[in-house]
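Architecture and fold: a report
What follows is each chain in one-letter form.
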Amino acid sequence: MSALQDAEAWAVRAEQGKTLLQRLARSKQHYRDIASQYSIRPHGNNYDWVTDSVPHGQHASSSNQTLPDHVMVALLEREKLLTQGKAHVSSFKAMMGERELRHLQSMI
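Residues numbered from 1 in each chain as written. Predicted model: local features only at pLDDT ≥ 70, side-chain atom pairs only at ≥ 80, totals over all residues. Heavy atoms only, no water.

1. Remarks on the overall build of the chain
Counting its regular elements, the chain contains two helices and two strands. Secondary structure of the chain in N-to-C order comes out as α-β-β-α. Looking at the 108 residues of the chain, the share that counts as buried comes to 24%. With the model as given, the accessible surface of the chain reaches about 8200 Å², and the carbon-plus-sulfur share is 58%. (Helix = DSSP H or I, 4+ residues; strand = E, 2+ residues; numbered from the N terminus. Buried < 20%, exposed > 50% of the residue type's maximum accessible area, 1.4 Å probe, protein only. Areas by Shrake-Rupley, 256 points an atom, 1.4 Å probe, with all protein chains shown as cover.)

2. A short note on the confidence of the model for the chain
Per-residue confidence for the chain averages 82 on the pLDDT scale, and 77% of its residues sit at or above 70. Within the chain, strand β2 (residues 48-51) has the poorest average pLDDT of any element, 58, and helix α2 (residues 69-107) the best, 92. For the stretch residues 59-63, pLDDT sits under 50, and the model shows five contacts to residues farther than four places along the chain or on other chains. (pLDDT = per-residue confidence, 0-100. Contact = heavy atoms within 4.5 Å.)

3. Details of helix α1 (residues 2-38)
With 37 residues, α1 should cover 54 Å at 1.5 Å per step; its first-to-last C-alpha distance of 52 Å lies within 8% of that length. Among the residues of α1, Trp 10, Arg 13, Gly 17, Leu 20, Leu 24, Ser 27, Tyr 31, Ile 34, Ala 35 and Tyr 38 are the ones counted as buried. Two residues or fewer after α1 comes Ser 39, characterised by a positive phi angle close to 50°. (Expected span 1.5 Å × (residues − 1).)

4. Details of α2
Across its 39 residues, α2 extends 57 Å between first and last C-alpha, which sits within 8% of the 57 Å expected from 1.5 Å per residue. Here α2 has its buried residues at Val 71, Ala 74, Leu 75, Arg 78, Glu 79, Leu 81, Gly 85, His 88 and Met 95.

5. Things to note about the environment of Arg 13
Turning to its location among the elements, Arg 13 is positioned in helix α1. Here Arg 13 falls in the buried class, since its relative accessible area comes to 17%. For the pair Arg 13 and Ser 91, spaced 78 residues apart in sequence, the C-alpha to C-alpha distance is 8.9 Å. Once residues within four sequence positions are removed from consideration, Arg 13 is found in contact with His 88, Ser 91 and Met 95. A distance of 2.4 Å separates polar atoms of two side chains, one belonging to Arg 13 and the other to Ser 91. (Polar contact = N/O pair within 3.5 Å; in protein donor to acceptor, adjacent residues only side chain to side chain.)

6. Focus: the nonpolar core
By size, the foremost hydrophobic cluster in this structure holds nine residues: Tyr 31, Ile 34, Ala 35, Tyr 38, Ile 40, Leu 67, Val 71, Ala 74 and Leu 75. Put simply, the parts of the chain that give this core at least two residues each are α1 and α2. When residues of this core are assigned to their parent elements, the largest contribution, four residues, is made by α1. In contact with Val 71, other than residues within four places in its own chain, are Ile 34, Tyr 38 and Ile 40. (Core = buried A, V, L, I, M, F, W, Y, C linked by side-chain atoms within 4.5 Å.)

Rendered as structure tokens:
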């Protein structure tokens, strides 16, 4: 019975990983579009965003180097997906550790 539950847990994690990868790929393309449109890039190891120039179609005098709300929401959504990816990897490592532990216990 435990083997069936284990297999189901692995199947669920695999499906979640596949869905997360698809969402990350779409998010990456959306980020590239926004980054090129607003000339932004991540700054260093922290998550501050640097704007290199004013968005296309705006004059420098009309911009105070702040990003529109929809751009900030898109950037935060990407950060959320990246964090979910890190959490997924951590839970995968935990599952692998539990599997390895069970294997070692069965050998004893």
